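Fold and contact review
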Amino acid sequence: MIWRALLGRFSISVVTLFVVSVLIFIGTNLLPGDVAQILLGQMATPDSLAALQAKLGMDQPGYVRYFMWLRDVATGDLGFSKAGLGAGNATPIVQIIEPRIYNTLQLTSMVAVVAIPVALFLGLLAAMHPGTRLDRTITFSTLNLISVPDFLVATFLVLVFAVYLGWLPSIAYLRGDETGWGLIRALTMPTLTLMIIVSAQIIRMTRATVLNVMSSPYVEMAILKGVPRRRIILRHALLNAIGPIVNVIALNLAWLVGGVVIVEQIFAYPGLAKLMIDAVLVRDLPLVQACAMIFCASYVVLIFVADMASILSNPRLRHPK
Amino acid sequence: MSILLEVDNLKISARKDDDSLLPIVKGVSFKVARGEVVALIGESGSGKTTIALSALGYTKPGLEFDGGEVRLEGEDVITMRSDHLRSLRGQRVAYLAQSAAATFNPALTIGEQVTESSVLHGILSKEQAHERAKVLYQALELPDPERLGRRYPHQVSGGQLQRLMAAMALCGKPDLLVLDEPTTALDVTTQIEVLKSFKSVIKQEGSSAIYVTHDLSVVAQIADHIVVLYAGEVQEYGTAEQVVSHPTHDYTRRLMHAVRPPPAAGQGDKTSSEHKRQAPALEVRNITAGYGRKRDGTTTITVLRSVNVSIERGQSIGVIGESGCGKSTLARVMAGLLPPTEGQVLLDGQELNPALAQRSRNELQKIQFVFQMADTALNPKQRIDHILGRPLEFYLGLKGKEKRQRVGELLEMVELPQEFAGRYPEELSGGQKQRVNLARALAASPEVLLCDEVISALDSIVGANVIDLLRRLRQQTGVSFVFISHDLSTVASFADEIVVLYAGRVVEKGSTDRVLSPPYHPYTRLLISSVPELRVGWLEEAMQTQEAQAGIDRLVTLTEIGCPFFDRCPLAIKDTCDQEAPPIRDLGQGHLISCHRPESEFLH
Amino acid sequence: MSETQKSMNPSRQFDELPDAPPKRKIRLSWSGKIGIAVLVFWAIIVVIGPSIAPYHEAEFLEESLFIVPGSDEKYPDTDFQPPSRIVLLGSDYMGRDTLSRILFGARTTIGISFIATILAYLIGVTLGIAAAVGYRFQYRGFTIIELDTALSRLNDALLSIPSIMLGLVMIAALGSTIPLLIVLTGIIYAASVFRIARSLGQEVMVSDFVEAARVRGEGLWWIITREILPNVAMPLATDFGLRFVWVILFISALSFLGLGVQPPMSDWGSMVKENLPGLIYGSVAPLVPSLAIATLTISVNMIVDDISAQTGGKLAKRMIS
């Protein structure tokens, strides 16, 4: 029963990934606007245009091109960036992307490692003392934090830590040879910004989830059985809340995708998102396509993990009749 | 006898938004002696659960103690320190909630939850507690006591969970048990079994108990003293014998009056003779229906199998059965809400299109459906005059003044004041809403009224009044009624013909008199003997009967072959009943019984 | 029988006890009231903003305005001027009046967001309700596909692309104009509106009163307009508030990345981006538009939070999931 549920969920993810790839392909390849024309820009001559179109396989019908592209992606060939294409020295996208992925992963994993425990703790704290001043402070400030634009948090932090206090640099440009203190200094601001954005959501959702479980009849029953508060929360409530909470975490890590775009831009952090924005600005479609695929795929994977968590934590599925 | 618990002028209030207090319990006093069961009886809003919970020093969120004392062995639990309260709960006073399905934690094993309290309080070691739990499972007649503790709540049936909750409460050998409507959500045949287990276990363990219920007949079986409550005040307080046999207070008498007599021949409504019998008003032939339609036209879950029912003009027919027997599905098929996979629905001898969308407005008008829950059957965003006016406009084309006048007449018919026309459903009480619900169906001037459990969600007095209203309406209008209920006494007091459904098949049907008198189908007999009677000592007698011991509280299985009642039947013939579909025996005058046994062997 | 009953109960002393007290009218708490006040303030600015602005949004301020009397500085800087009596909220990186740009920008930012949200609602609610009532594409009586199934599949795929990614891909392919921005945002957010409208609609659809209307023989149109819509209106209105906030944040984020509203039009998101370099000089120019967005979004969220707290938090729960 549980295997069937997991398998079902897995196949949904595969299908979703497929549909997403089609959507991205349509967005970048089939919409009006000739990519070859865009790529060549001013230098376009009828001959070079035709040559490039043939090189890109654009004389083929759409679905053929899609499957060619899909095959290339599957084999790790993401195509060539526009940069330098016209001049004849095309750069493979894989080469451009690789260090950027590493940088973005570094940033997001640091956020995840620090933000998740802190946010869970604060969410639980608020849920354990509902209606108190502590709870109201936490809910009110997180409500405000999720309402404001990500860049407000970032500009505010820059203003305080870089401009007035002068503790940290206001941009996080990595040359690649930073070590130790330098690396930490460079990463602190973007990490802090992302942490604040992501944890505000996790705190609110954790609180709501735990409160929901805490108001259930079986928790009331536990109170009436004289079970101590700690045990009620840690055994009766948390065991039922763990599925939803893992779900919340995974969903919010997915939210990071949105946040990371802004943060990398504002701090000039050389990550994948910054690369993608720059590609969008110069309309380097193959590069946009590749970046979008990577972001969407990781998003789909995270959502999949979230759903797995809720399936695995469901006692009805774990212990069938 | 020494006094265990003394409730002294207890007051509990709800705190409203503007911080003012709304009294819920207004100075209640009673005592519970050792080894005694005290019943708190009252309808919804009487404060009975709130009072019972105060014995654990607990109030529901939003409520607070507002005066008085609740003394357990002389010590006030209201003012007790929280760590003392914690050691009191589960150890000295234990609580059994109304819905076991909701009160068991789905993520923990049954064993852990049953033993948790006694282990935590240090009364028993883990091993001792599990041993004790097994003893209790046995005493409560639960299946497979050895392995039951390792299972999860969703893996056992509702009746078993209810008894497991008793095991959970009793595990720590508490002095006082608080039972909150523990059998209300159960079918009658399950209820009797659970009641019996409770009673014998309470006796064995020598515990005292506070038993909260709205059902006088249940109380009569189990209580030594009865406290009758209304709106947070004690109306009557005395021994069970005294309150049941010689009620002195008006309210108690009204409660008693609302209890319908046990089903027996000679009840039923005899008004049908006044209306001429012609072709059946509504008939279903050979209906097979279910849910989850597959491609080949059959269904994944087949709820009804080859059901035949016909309703004469002006007749009222009662459909009885336990939850899951398919009685609501039958009503849905009749109304056209669920097209059957096989069989026909006929109105005035004309075959109706099975699907609602293909029926003509005229056909729709003649069959009206009254939903079970008036709360959800009335659109909360529509005023009462709109709710009643729509069918008038839709079927009869009434408009303007005519329509308003008719709405007024309808309100009068269901005994509601005229000014209700301008109100919204949420401004009405449950019984009033059910009356509006009825009036809406009557507005169409139907020939057949399908009433699906119309009083099961209502308090007993209110429900009894609605039944009286239905009886009068029947006399006035000559409408045929299909009256669906799980409560045999309600059906018996209203219907002139009864159809008994079991696992989607008709096991017996005939006039009320004949169905309720011997010879019985074994299942009918079981149903009749399970309905609690309002007298002390009934439970013990009922448990002696053969069928009560044979097949109570088993899961109803929808079988494809054989008789579905096979595994619960005291008369079952092995290798026959479980293999072949039972023949239908005609006992004359339309009395049919579906059974392998010949007439002579039926129970009397 | 009824005779005896009447004689037994001559008085109506023991009437049926009333149900739960009727639902209270929604009374906003202080935070909700502040929210309303701020919202009304910005609504007025949208209407009259440009006519009370001291300067035009694209007007470069004269250097002569900033000459300090008695000073011999003939050509003072006009950019990143601190707040003064001449420029109440300072000037921006090109020497334009920040206050005027905020007043003009209110119309752009709020207007675009509002129209996009309306569009998302028109699409989402129409399709969501149609899916909920079980509309089917039929051919000669055979169901080809249920609208619900078809739309839900598409919707799931759309929802599994982070909205910012979808936005970036589309803008990369099509460029950025205001109509495109509105349509794009409308479609992206229609997906989540569809989901909530569908689930609300389905909930009402299975209720007994809809069933009662169906047994009566009412047509689909009656059921949708009289039975379903009145019952989903309130939760949808609340959701509209939340969605509006997200649309504002989304459009501002795009503008902030330089992909939304294009200069010289003023828009709060792009105002932050343009003036970001001013942060280093401690200029308030990037902070003012951020705060403008924040006041608007926080106020809407405070109202929504207040209302859903009073409707038992049911709404909030649904919106989390």
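Residues numbered from 1 in each chain as written. Chains lettered and ligands numbered in written order. Predicted model: local features only at pLDDT ≥ 70, side-chain atom pairs only at ≥ 80, totals over all residues. Heavy atoms only, no water.

This paragraph deals with the interface of chain C and chain B. Contacts between chain C and chain B engage 27 residues on the former and 44 residues on the latter. Linking chain C with chain B are two salt bridges. Where chain C touches chain B, the interface holds eight residue pairs in polar contact (both at pLDDT 80 or more). Secondary structure elements with two or more residues in the side of chain C that touches chain B: helix 1 (2–8), helix 7 (208–216) and helix 8 (220–256) of chain C. With seven residues, helix 7 of chain C is the largest single contributor of residues to the side of chain C that touches chain B. Considered class by class, the residues forming the side of chain C that touches chain B number eight nonpolar, six polar and 13 charged. (Contact = heavy atoms within 4.5 Å. Salt bridge = Lys/Arg side-chain N within 4 Å of Asp/Glu carboxyl O. Polar contact = N/O pair within 3.5 Å; in protein donor to acceptor, adjacent residues only side chain to side chain. Helix = DSSP H or I, 4+ residues; strand = E, 2+ residues; numbered from the N terminus. Nonpolar A, V, L, I, M, F, W, Y, C, P; charged D, E, K, R; others polar.)

This brings us to the interface of chain A and chain C. Reports of interface size often rely on the accessible area that becomes lost once the parts have come together. Contact residues are listed per partner, giving 47 residues for chain A and 44 residues for chain C. For the chain A and chain C pair, buried surface summed over both sides reaches about 3900 Å², with 81% attributable to carbon and sulfur atoms. Sorting the residues of chain A by area buried against chain C places S147, F151 and V280 of chain A first, and these three jointly supply 14% of that buried surface. Along the contact surface separating chain A from chain C lie one salt bridge. The salt bridge partner of R204 of chain A is D305 of chain C, with a shortest N-O separation of 3.3 Å. Taken together, the connections running from chain A to chain C amount to three residue pairs in polar contact (both at pLDDT 80 or more). Looking at the side of chain A that touches chain C, the elements that each hand over two or more residues are helix 1 (2–30), helix 6 (133–147), helix 7 (150–164), helix 8 (180–214), helix 10 (229–266), helix 11 (272–281) and helix 12 (285–312) of chain A. Per element, the largest residue contribution to the side of chain A that touches chain C is eight residues, and it comes from helix 7 of chain A. Its residues assigned to classes, the side of chain A that touches chain C shows 36 nonpolar, nine polar and two charged. (Buried area = accessible area lost by both parts, 1.4 Å probe.)

Glancing now at the packing of aromatic side chains. By the definition in use, this model includes 17 aromatic pairs over all chains. When the centroid spacing of 5.2 Å and the interplanar angle of 65 degrees are considered together, the rings of Y523 of chain B and F565 of chain B count as edge-to-face. Here F565 of chain B lies in the loop between helix 23 (546–550) and strand 21 (584–586) and Y523 of chain B lies in helix 21 (residues 522–530), a separation of 42 residues in the sequence. Each member of the pair Y523 of chain B and F565 of chain B is classed as buried. One aromatic cluster is present, built from ring pairs that chain together F114, Y121, F240 and F244 of chain C. Of note, R361 of chain B hangs over the ring of F394 of chain B, and the distance from its end group to the ring centre comes to 3.7 Å. (Phe/Tyr/Trp six-rings, centres within 6.5 Å; stacked < 30°, edge-to-face > 60°. Buried < 20%, exposed > 50% of the residue type's maximum accessible area, 1.4 Å probe, protein only. Lys NZ or Arg CZ within 6 Å of the ring centre and 35° of its normal.)

Function-wise, these values are silent; they only describe arrangement.
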